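A closer look at the structure
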Amino acid sequence: MVSTLLINGKEKDIDAGAGTVAASGQQHQTRGNNKPTTGFASLLTVEDGVVYKPEAETHTKWYQRLLDVGVEENGIKPVPIEKRINTQYNNLFTVFFTGLLCILPLPTGMLATTVFGLGLRDASLTILFFAALCTVAPAFMGCGGYKTGLRQMIQARYSWGLYVATVLLVLNAATVTGFSIIAAIVSGQTIAAIDPGNVSVTVGIVIVILASFVLSLLGYRVLHIWERWQWLPNLVVITITVGVGGKHLAQQQDVPPATAPQVLSFAGLLAGYFITFGGTASDFSIYHDPRAPLRKVFTYIYLGIFTPSVPLLILGAAMGGAVPMVEGWAEAYESYGAGGVMAAMLQPAGGFGKFVLVLLALSVIGNIGISMYPVALNLQMLVPAFTKVPRFFFSVVVTALMIPLSIAASRAWEESLENFLSIIGYWAGFFDAVLIEEALIFRRLDWESYDHAIWNVGRRLPSGIPALVASVLSLGLVIPGIREVWFVGPIAETTGDIGFELAFFGTALFYFPLRWLEIKWRGHL
């Protein structure tokens, strides 16, 4: 039975049998037959299809005080279209640009010359080409946030299903936390290099993580404000560092011409650096007005990731190539990693150089802040009842975990970084391929098909079986293409590490027929 209802002066069709109303470009389910829960059960029950409505929320006095000082109220609930009113699209550029305009990319770039044995020219060309290619996926996936009003890992449920996506939540949280740990280690090393022997790396790690915790605690609005301006001092101190010590970067070690296995193995590491932004990009755009052209938002996110990363990765490669050639740099690198090399570069500046080192160490606050934020959201998605737990609680949990993990990883930081970046590229290949194919091919960029009414209703979401089976099948291709210290596949012996490439394209190939069969069987997306 279909009847008509007048909403806000416009006629809307109502299917009385299904009990749904289409309004504001999204469908919100009504369930008059459901009995409300009371007592303790109400704390564990989350209403199907509930969306973010600040005017309907009630809070205790202490929590309201936190909201009054700027803490973000919403966690993982979908943001309805009438609440997506932010038109400052350029802050989608600055949030990534500032987050990456720091010392984090430097140790990743240094691996090209210190571990993979590439010359500076070959490393630079590899960085430029694969950065341009690998940034496409997260930039596109970030557009889903402002178009759907859904957090990135909530969007994943519309292809991976409610239950299978839980595994991805753990992987994504571990990945983003891993990047934060690397940033904290580099910052801690830089602080320790200011006064060798008197300040430990541990002290530096604790300082920068606690500072970043405050930023992530406040949430979306404050993060965007901070990232809009922190890039300026970051750029100044990086420029000073290169200006003071850059003359030594021309002293590069002589290496043989690059081989295909060297280039592809380093490219796999770069893929782990870039495409993993696909698990978080939408989290920073869910309050933006969906009427902006897709190409505009895509460009802002793409340039925000690409622009700071490429020159800093190349700078890191140059620093790594000069380490064995410049007197004192090898010892500095051995003791304090990238932070030690930057301290050596700034040594001619004396006390001013130490002040610059402090600012360089603090440059990662914006990066760790935008990493802690989605990790807290991922933890909130793990269990339905967590939806009712304030987001800031999970920020505290993430901080408590990050400090000891960062201290432990700092004891073998270079090995930890190489293994981490190589491995995460594999699972991110599975994940990105499914989300992109789902949006482009099966939903044909129809963002309204991401129905808010089913975001937490497992029986109405896809099963996730096609995505899971496609990933498992492509794993049969990935394993022979892995080249790690602990395992070298038969294909990788000749080609180098091509695990990410096989993960992405293999999953995309297998997902198409499996998802098509699921849609045929279910009769709907």
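Residues numbered from 1 in each chain as written. Predicted model: local features only at pLDDT ≥ 70, side-chain atom pairs only at ≥ 80, totals over all residues. Heavy atoms only, no water.

Attention now moves to the overall build of the chain. Helices and strands together make up the secondary structure of the chain, namely 22 helices and four strands. Considering the chain as a whole, with its 525 residues, one finds that 57% of them fall into the buried category. Contacts spanning at least 24 positions in sequence make up 83% of the contacts within the chain whose residues lie at least 6 apart. Entry remark: accessible area of the chain is about 21800 Å², with carbon and sulfur atoms responsible for 66%. (Helix = DSSP H or I, 4+ residues; strand = E, 2+ residues; numbered from the N terminus. Buried < 20%, exposed > 50% of the residue type's maximum accessible area, 1.4 Å probe, protein only. Contact = heavy atoms within 4.5 Å. Areas by Shrake-Rupley, 256 points an atom, 1.4 Å probe, with all protein chains shown as cover.)

Looking now at the pattern of salt bridges. Under the counting rule described, the total for this entry stands at five salt bridges. Between D122 and R121 there is a salt bridge; the shortest N-O distance is 3.3 Å. Owing to a relative accessible area of 15%, D122 belongs among the buried residues under this scheme. Put simply, R443 and E438 hold a salt bridge, and the shortest N to O gap is 3.0 Å. Residue classification places E438 among the buried positions, given a relative accessible area of 1%. It is possible to trace a salt-bridge network through shared partners that takes in E438, R443, R515 and E518. (Salt bridge = Lys/Arg side-chain N within 4 Å of Asp/Glu carboxyl O.)

Time to look at the packing of helix 4 (residues 105–114) against helix 13 (residues 260–274). Interaxial distance between helix 4 and helix 13 falls to 10 Å at its minimum, and their mutual angle equals 165 degrees. In terms of orientation, helix 4 lies roughly antiparallel with respect to helix 13. Every pair of crossing elements has a handedness; the one defined by helix 4 and helix 13 is right-handed. Judged by residue contacts, P105, T108, L111 and A112 of helix 4 engage F266, L269 and Y273 from helix 13. Looking at the contact of helix 4 with helix 13 residue by residue, the class counts come to six nonpolar, one polar and no charged. (Axes fitted to C-alpha atoms, helices over the stretch in contact; angles between N-to-C directions. Parallel < 35°, antiparallel > 145°, perpendicular 65-115°, else oblique. Left-handed = near helix turned anticlockwise from the far one by under 90°. Nonpolar A, V, L, I, M, F, W, Y, C, P; charged D, E, K, R; others polar.)

Moving on, we come to the packing of aromatic side chains. A complete count under the given rule lists 23 aromatic pairs for this structure. Geometry around Y450 places R443 over its ring, the cationic atom sitting 4.6 Å from the centre. (Phe/Tyr/Trp six-rings, centres within 6.5 Å; stacked < 30°, edge-to-face > 60°. Lys NZ or Arg CZ within 6 Å of the ring centre and 35° of its normal.)

Here we take up the environment of M402. For M402, the location among the structural elements is in helix 18 (residues 391–409). A residue is classified by how much of its surface remains accessible, and M402, at 1% relative accessible area, is buried. Residues M402 and G178, spaced 224 residues apart in sequence, show a C-alpha to C-alpha distance of 8.8 Å. Excluding residues that lie within four positions of it along the chain, M402 makes contacts with T177, S180, I181, I209, I368 and M372.

A general trend in soluble globular proteins is that nonpolar side chains are found buried together. One finds W160, M319, L360 and F431 to be the most contacted residues of the largest nonpolar core, which totals 150 residues. Sorting elements by how many residues they give to this core places helix 9 (residues 165–194) first, with 15 residues. Every residue in contact with L360, bar those within four places of it in the chain, is listed here: I103, T190, V237, I238, T241, M342 and L346. (Core = buried A, V, L, I, M, F, W, Y, C linked by side-chain atoms within 4.5 Å.)

Another aspect to go through is a nonpolar patch on the surface. On the surface, V203, I207, F352, F355, V358, L359 and L362 cluster together into a nonpolar patch covering about 560 Å² of accessible area. Mapped onto the nonpolar patch, the elements with two or more residues apiece are helix 10 (201–218) and helix 16 (350–362). Among the elements that line the nonpolar patch, the one with the most residues is helix 16, at five residues. In this fold, V358 is placed in helix 16. The class of V358 is partly exposed, set by a relative accessible area of 34%. (Patch = residues over 30% accessible without salt bridge, like charges linked within 9 Å, V, L, I, M, F, W, Y side chains within 5 Å.)

Okay, helix 6 (residues 136–148) next. In a regular helix each residue adds 1.5 Å, so 13 residues correspond to 18 Å; helix 6 covers 19 Å between its end C-alpha atoms and thus fits that length. With 12 of its 13 residues buried, helix 6 lies for the most part within the structure. Immediately beyond the C-terminal end of helix 6, within one or two residues, lies G149, with a positive phi of roughly 75 degrees. (Expected span 1.5 Å × (residues − 1).)

Right, let's talk about the environment of L217 for a bit. Relative to the assigned elements, L217 resides in helix 10. For L217, a relative accessible area of 18% translates into the label buried. Note: C-alpha distance between L217 and F393 (176 residues apart in sequence) is 8.7 Å.

Despite not being glycine, R444 shows a phi value in the positive range, around 50 degrees. Counting through the fold element by element, R444 comes out in the loop between helix 19 (413–442) and helix 20 (465–478). In this model, L445 sits at a positive phi of 60 degrees, which is unusual for a non-glycine residue. Of note, L445 is situated in the loop between helix 19 and helix 20.

Here the chain averages 85 in pLDDT, while 85% of its residues score no lower than 70. The low-confidence segment residues 1–43, where pLDDT is below 50, has 60 contacts with residues more than four positions distant or belonging to other chains. (pLDDT = per-residue confidence, 0-100.)

Assignment of secondary structure puts T507 in helix 22 (residues 499–522). In this structure the C-alpha to C-alpha distance between T507 and L468, which are 39 residues apart in sequence, comes to 9.2 Å. Residue contacts for T507: discarding those within four places in its chain leaves F430, A433, V434, A470, S471, S474 and L502. Separated by 2.9 Å, the side chains of T507 and S474 make a polar contact. (Polar contact = N/O pair within 3.5 Å; in protein donor to acceptor, adjacent residues only side chain to side chain.)

Turning next to the packing of helix 9 against helix 16. How two helices sit against one another is set out by the angle between their axes and by the gap between those axes. Across the interface, helix 9 lies against helix 16 with an axial gap of 8 Å and an inter-helix angle of 165 degrees. One way to sum up the angle between helix 9 and helix 16 is to call them roughly antiparallel. Relative to helix 16, helix 9 is oriented so that their crossing is left-handed. Contact residues: helix 9 offers S187, T190, I191 and I194, while helix 16 offers K354, L357, V358, L360, A361 and L362. Its residues assigned to classes, the contact of helix 9 with helix 16 comprises seven nonpolar, two polar and one charged.

On to helix 18, then. Along an α-helix, residues three or four apart share an orientation, since each turn contains 3.6 residues. Compared with an ideal rise of 1.5 Å per residue, which puts 19 residues at 27 Å, helix 18 spans 27 Å between its outermost C-alpha atoms and is within 8% of the ideal. All of the buried residues in helix 18 are R391, F392, F394, S395, V398, T399, M402, I403, S406, I407 and A409.

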